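Read off the chains here:
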Amino acid sequence: MPGLFPHEDAVAVRNRYKPDVIKGDMDSVRTDVVDFYIKLGTKVVDASHDQDTTDLHKCVSFICDFTPDLEKSKLCILVAGALGGRFDHEVGNINVLCRFKDTRIILISDDCLIHLLPKAQNHEIHVLSSVVGPHCGLIPIGMPSRSTTTTGLQWDLSDTEMKFGGLVSTSNIAKGETVTVHSDSDLLWTISIKKSQDSSP
Amino acid sequence: MEVVHHSSAFLLPSVAPDHRPSLNYALIVLNQRLPRFTPLLWQHAQLRLCADGGANRVFDEMPGLFPHEDAVAVRNRYKPDVIKGDMDSVRTDVVDFYIKLGTKVVDASHDQDTTDLHKCVSFICDFTPDLEKSKLCILVAGALGGRFDHEVGNINVLCRFKDTRIILISDDCLIHLLPKAQNHEIHVLSSVVGPHCGLIPIGMPSRSTTTTGLQWDLSDTEMKFGGLVSTSNIAKGETVTVHSDSDLLWTISIKKSQDSSP
C-alpha cells in the first residue's frame, strides 16, 4: 500500500489502511505483519482447523455471518487479487462465486473483473465506459448452457447454446452503456478494466 | 484399458531417454510476458509459432532472458518458424525483422470466429502427418494471466482439440486436459513441478473421479462448480493416476527455482 502513495510516509499510509479482520489458515501471513495490525486493533481470526475451504470462502462466510439478513440484498463483496498466479487458486476463487450464488461477489484483478450471473434472471449490466470495457465475455461455468440471449454486445447471443468444447463467448465487445443477459444456466460475466485509471481516491 | 501417460519432461534441461512418452514438441508463444523458462521450451520444440503479438514478446523479451549476451544475437537465434493470427497486435517492425530471417507470416484476419491460439493449433495439426499426430505435444507459453476471457478462450481450445496433447504454461503452473474414460498416469517430475495441483470438471459436472497419489485422493467422487472442485491439492509421489467419467483439467504448479536456460 505505501508503494501506491509514493509521496507519502509509509507508516502513515499503513496506519490509514488498517484491515478490520485478518482471517484464514494463517500459513502465509508474516508474524510481524500480524503484530503490527493487532496493535492497531485489527481482529485476527485463525481458521486453520478448517482445511476443507479456501481462505476466500472463509472470509465470504465471515462477511455473510456478520451481515444482518435485512441488509444482505444490498451487500456486495469485492475481492482484490483474485486472479493470476496459480490456476487452481483462481478456480477455487471462482468456485466461491458458485457456492455463494445469492451473494454479490466480484473478483477483481488489474486487468478485469468477474462475477456470476445466476440463471433464469434478467440481468442488466451498466457498462461505465470510463473505467471498464470494452472487452468482455460470458462463460458457461459448471455446465453447458442451452440458451442465452443478450443485447448490447458486438456478437450478441440469441437463444444460443454455449459449452466448453463448443462456443464460449470470449473476446466479445460491449458496444454501449447497457448489456442485458438472460440464460438458462449460471454464467460468469467478465469485462476488462481500463488501464488509464487514476488509482488514488 | 490402455494407460495415457503425461509428463512435464519439457521442463527438464534435456529430455532423458527413459522419460516416456517420447514426443514431438511444437511451441506456440502467446501475447503475455514470456515465462522465464521459454528458452528451454524453445529448445525442445521442433516447430515454433508466435500467435500474433506473441512475436512482440519474443522480440522484446528474449534478450532479457540472456542478459549477458548481445540482444541482436539472441533475436537471431530465437527466430519463430511462423507468425500466425489476425495480426492486429504484432508490430510492423517485428514482422519485418522476422520476415528477413525467413519466418513465414500467415495472416488469418479473415477468420473472426476463432482465437489466435485456435488458428495456431489448427496450423500445427494440419502440418503434422496423421501418423505422427499421436506423438505431437503442443506447448503454449503465456496462456494464463491477463484478461480472464482470453484465459478461458485458451482453455476452450484444449476442449475443442481433445485428441491433441496441448499444454498451457505460465510462470506459475501448467494445465492440460485429461479426456474422460481413460486411465491417466501423470509422472510428477518433482525437480520441476509440484506439489500444488488440482483437478477441475471443465464444462460439465463430473459424476465420478478416482485418483491415486494425491494428498486428498478422490474415490468415485462427484465434482462440480458450486460443490467440490479439487483445488489446492498436493501431489504426494512420483505418479498420480486419474480416471473420470468427465473431461477434467489437470493443473500443477511449476517450481520457482528453475534454471531457465537450456
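Rules of the game
- Residues numbered from 1 in each chain as written.
- Chains lettered and ligands numbered in written order.
- Predicted model: local features only at pLDDT ≥ 70, side-chain atom pairs only at ≥ 80, totals over all residues.
- Heavy atoms only, no water.
- Phe/Tyr/Trp six-rings, centres within 6.5 Å; stacked < 30°, edge-to-face > 60°.
- Helix = DSSP H or I, 4+ residues; strand = E, 2+ residues; numbered from the N terminus.
- Buried < 20%, exposed > 50% of the residue type's maximum accessible area, 1.4 Å probe, protein only.
- Domains from an automatic or database assignment.
- Contact = heavy atoms within 4.5 Å.
- Buried area = accessible area lost by both parts, 1.4 Å probe.
- Salt bridge = Lys/Arg side-chain N within 4 Å of Asp/Glu carboxyl O.
- Pairing = 2+ DSSP bridges.
- Axes fitted to C-alpha atoms, helices over the stretch in contact; angles between N-to-C directions.
- UniProt positions renumbered as here; feature names shortened; annotations may be inferred.
- Polar contact = N/O pair within 3.5 Å; in protein donor to acceptor, adjacent residues only side chain to side chain.
- Core = buried A, V, L, I, M, F, W, Y, C linked by side-chain atoms within 4.5 Å.

Caption draft 1: Local environment of the packing of aromatic side chains. Counted according to the given criterion, the structure contains 10 aromatic pairs over all chains. Between phenylalanine 62 of chain A and phenylalanine 66 of chain A the ring centres are 6.0 Å apart and the planes differ by 10°, which places this aromatic pair in the stacked class. Within this pair, phenylalanine 62 of chain A and its partner phenylalanine 66 of chain A are both found in helix α3 (residues 55–66), separated by four residues, close to a single helical turn. Among the residues examined, phenylalanine 66 of chain A registers a relative accessible area of 66% and is labelled exposed. Seen from their ring centres, phenylalanine 123 of chain B and phenylalanine 127 of chain B are 6.0 Å apart, and the 10° between their planes marks the pair as stacked. Of this pair, phenylalanine 123 of chain B and phenylalanine 127 of chain B both sit in helix α5 (residues 116–127), four residues apart, roughly one helical turn. Owing to a relative accessible area of 14%, phenylalanine 123 of chain B belongs among the buried residues under this scheme. The exposure class assigned to phenylalanine 127 of chain B is exposed, which follows from its relative accessible area of 54%. Put simply, the rings of Trp42, Phe66 and Tyr78 of chain B pair up and form one aromatic cluster.

Caption draft 2: Quick look at the domain arrangement of chain A. Residues and elements named next belong to chain A. Taken domain by domain, chain A holds domain 1 (1–52), domain 2 (60–109) and domain 3 (111–200). On a C-alpha basis, the centres of domain 2 and domain 3 stand 18 Å from each other. With 10 residues of domain 2 in contact, the opposing surface of domain 3 contributes 12 residues. Carbon and sulfur atoms make up 68% of the area that domain 2 and domain 3 hide from each other, which totals about 900 Å². If you look at where domain 2 meets domain 3, you find one salt bridge. Across the pair aspartate 186 and lysine 101 runs a salt bridge whose closest N-O atoms are separated by 3.0 Å.

Caption draft 3: The sheet that holds strand β13 (residues 230–234) of chain B, seen in detail. Here 10 strands make up an open sheet; going across it, the order is β5-β4-β3-β2-β6-β7-β8-β15-β10-β13 (chain B) and the pairing mixed. A single partner strand is all that each edge strand has here, and the edge strands are β5 (104–107) and β13 of chain B. Neighbour-to-neighbour, the strand axes of this sheet turn through a mean angle of 20°, independent of strand direction. Pairing between strand β10 (residues 193–201) of chain B and β13 of chain B: three bridges, direction antiparallel. Among the inter-strand pairings, histidine 196 of chain B is bridged to a residue of β13 of chain B, identified as isoleucine 234 of chain B. Packing against the sheet, helix α4 (residues 87–99) of chain A makes contact with β8 (173–178), β10, β13 and β15 (248–254) of chain B, and its axis sits at approximately 145° to β13 of chain B.

Caption draft 4: Quick peek at the pattern of salt bridges. For the structure shown, the criterion picks out 18 salt bridges over all chains. Among the ionic pairs, aspartate 69 of chain A bridges to lysine 72 of chain A, the shortest N-O distance being 3.2 Å. Since its relative accessible area comes to 65%, aspartate 69 of chain A is described here as exposed. The salt bridge partner of aspartate 220 of chain B is arginine 207 of chain B, with a shortest N-O separation of 3.8 Å. With aspartate 220 of chain B in the loop between β11 (206–212) and β12 (221–223) and arginine 207 of chain B in strand β11, this residue pair connects regions lying 13 residues apart in the sequence. Its relative accessible area of 43% is what places aspartate 220 of chain B among the partly exposed residues.

Caption draft 5: Representation of the UniProt feature "domain: Thiamin pyrophosphokinase thiamin-binding" (unreviewed entry) in chain B in the model. Taking the UniProt record as the reference, the feature "domain: Thiamin pyrophosphokinase thiamin-binding" (unreviewed entry) is found at residues 184–248 of chain B. Note that residues 184–248 of chain B is 0% helix and 54% strand, and that its end C-alpha atoms are spaced 11 Å apart.

Caption draft 6: Fine view of the interface of chain A and chain B. Opposite the 36 residues of chain A that make contact, chain B presents 35 residues. For the pair chain A and chain B, the interface holds zero salt bridges. Summed over the shared surface of chain A and chain B, the result is 10 residue pairs in polar contact (both at pLDDT 80 or more). Those elements that provide at least two residues to the side of chain A that touches chain B are α4, β5 (112–117), β7 (132–140), β10 (169–173) and β12 (187–193) of chain A.

Caption draft 7: Inspection of the domain arrangement of chain B at higher detail. All names here are of chain B. Here chain B is described as being made up of domain 1 (22–171) and domain 2 (172–262). Using C-alpha coordinates to define each centre, domain 1 is positioned 25 Å away from domain 2. Each side of the interface is counted separately: domain 1 has 18 residues, and domain 2 has 18 residues. Carbon and sulfur atoms supply 65% of the area buried between domain 1 and domain 2, which totals about 1500 Å² over both sides.

Caption draft 8: Looking closely at unusual backbone geometry. The peptide bond linking glycine 133 of chain A to proline 134 of chain A adopts the cis configuration, its omega dihedral lying at 0°. Tracing the chain through its elements places proline 134 of chain A in strand β7. Glycine 194 of chain B connects to proline 195 of chain B through a cis peptide bond whose omega is 0°. Of note, the phi angle at alanine 120 of chain A is positive, near 60°, even though the residue is not glycine. A residue is classified by how much of its surface remains accessible, and alanine 120 of chain A, at 57% relative accessible area, is exposed.

Caption draft 9: Quick peek at the nonpolar core. Leu188 of chain A together with Ile28, Val121, Ile138, Phe148 and Leu249 of chain B are the most contacted members of the largest nonpolar core, which has 61 residues in total. If near-sequence neighbours (up to four positions away) are discounted, isoleucine 138 of chain B is found in contact with Ala26, Ile28, Val121, Ile124, Thr164, Arg165, Ile166 and Ile167 of chain B. Within the second largest apolar cluster, 52 residues are counted, among which are Leu12, Tyr98, Ile186 and Ile252 of chain B.

Caption draft 10: Quick look at the sheet that holds β11 of chain B. All names here are of chain B. Here we have five strands laid out as an open sheet, ordered β1-β9-β14-β11-β12, and mixed in their pairing. Two strands close off the open sheet at either side, each with one partner strand: β1 (3–7) and β12. This sheet shows a mean twist of 30° between the axes of neighbouring strands, independent of strand direction. The sheet contact formed by β11 and strand β14 (residues 239–244) spans four bridges and is antiparallel. Its bridge partner lying in β14, threonine 212 is registered against threonine 241.

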